[in-house]
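Summary of structural features
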Amino acid sequence: MFMLKERLESDLREAMKARDELVTSTLRMAITAVRNAEVAGKAARELSDEEILSVLTKEAKKRREAAEAFAGAGREAQAAKERAEEEVLAGYLPAQLSDEEVAGIVRDALAAAGLSGMGSMGQAMKAAQAAVAGRAEGGRVAAAVRAQLAKG
């Protein structure tokens, strides 16, 4: 049931044996983030694969944003490192949906829930995020929801 954490740890051991510094450091960071999430809150607990995917998605987003910031500051070597770390993390995430696929899923989720108008943005986001299930970044989902609600 909880296979993703074991896969991360196994891949870390393989990367260490292969002396792959990029993968080793990235997976150490990812496992640390997962462990921090496990002990956050009132009681320590084991995260489900879905929760681990959420942590990895956040870490990949941090890398993407850091790469953009470094590139904007003219620090291309650091930006390249951040992009490479994001690529390593992307190997553990589900394939991202295209904008057209996100729009279709959002349209179906809003129709199923009977939501329309900007006043139902919160409910619409909840329904859309559940339908997308981590296969698209929250900002892209929010943009699709806004576009659908503005139409209806």
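Residues numbered from 1 in each chain as written. Predicted model: local features only at pLDDT ≥ 70, side-chain atom pairs only at ≥ 80, totals over all residues. Heavy atoms only, no water.

The next subject is unusual backbone geometry. Located in the positive-phi region is Arg-19, a residue other than glycine, with phi close to 55°. You can see Arg-19 is positioned in the loop between α1 (4–17) and α2 (21–39). Of the residues examined, Arg-19 reaches a relative accessible area of 72% and is grouped as exposed. (Helix = DSSP H or I, 4+ residues; strand = E, 2+ residues; numbered from the N terminus. Buried < 20%, exposed > 50% of the residue type's maximum accessible area, 1.4 Å probe, protein only.)

With 14 residues, helix α7 (residues 138–151) should reach 20 Å at 1.5 Å per residue; the first-to-last C-alpha distance of 20 Å fits that figure. Within α7 the residues assigned to the buried category are Val-141, Ala-142, Ala-144, Val-145, Gln-148 and Leu-149. Buried residues of α7 fall within an arc of 165° about the axis and therefore sit on the same side. Opposite the buried face of α7, by more than 90 degrees, sit the exposed residues Gly-139, Ala-150 and Lys-151. Lining the buried residues of α7 we find α5 (99–113) and α6 (121–132). (Expected span 1.5 Å × (residues − 1). Arc of directions from axis to C-beta. Contact = heavy atoms within 4.5 Å.)

Helix length check: α2, at 19 residues, gives a terminal C-alpha distance of 27 Å against a target of 27 Å (1.5 Å per residue), a fit within 8%. Residues of α2 that are buried: Val-23, Thr-24, Thr-26, Leu-27, Met-29, Ala-30, Ile-31, Ala-33, Val-34 and Glu-38. Where α2 is buried, its residues contact α1, α3 (49–72) and α4 (76–90). The N-capping residue of α2, defined by a side-chain oxygen 3.3 Å from the backbone nitrogen of Leu-22, is Asp-20. Positive backbone phi, approximately 95°, marks Gly-41, located one or two places after α2. (Polar contact = N/O pair within 3.5 Å; in protein donor to acceptor, adjacent residues only side chain to side chain.)

Two quantities define a packed helix pair, namely the angle between the axes and the distance from one axis to the other. It is at 9 Å that the axes of α5 and α6 come closest, and there the two elements cross at 125°. Considered as vectors, α5 and α6 are oriented oblique to each other. Seen from above, α5 lies across α6 with right-handed handedness. Between α5 and α6, the residues in contact are Ile-105, Val-106, Ala-109 and Leu-110 and Ala-124, Ala-127, Ala-128, Ala-131 and Val-132, respectively. (Axes fitted to C-alpha atoms, helices over the stretch in contact; angles between N-to-C directions. Parallel < 35°, antiparallel > 145°, perpendicular 65-115°, else oblique. Left-handed = near helix turned anticlockwise from the far one by under 90°.)

Across the chain, pLDDT averages 86, with 98% of residues at or above 70. At the low end of the mean pLDDT range in the chain sits α6, at 80; at the high end sits α2, at 94. (pLDDT = per-residue confidence, 0-100.)

Bringing the side chain of Glu-59 into the picture now. Here Glu-59 is to be found in helix α3. A polar side-chain atom of Glu-59 sits 3.1 Å from a polar atom in the side chain of Lys-62. Among residues more than four places away in sequence, those in contact with Glu-59 are Met-29, Ala-33 and Leu-89.

We now examine the pattern of salt bridges. What the rule picks out here adds up to 13 salt bridges. Between Arg-64 and Glu-86 there is a salt bridge whose closest N-O contact spans 2.3 Å. With a gap of 22 residues between them, Arg-64 in helix α3 and Glu-86 in helix α4 connect regions that are remote in the sequence. Connected through salt bridges with shared partners, the residues Glu-59, Lys-62, Arg-63, Lys-81, Glu-82 and Glu-85 form a single ionic network. (Salt bridge = Lys/Arg side-chain N within 4 Å of Asp/Glu carboxyl O.)

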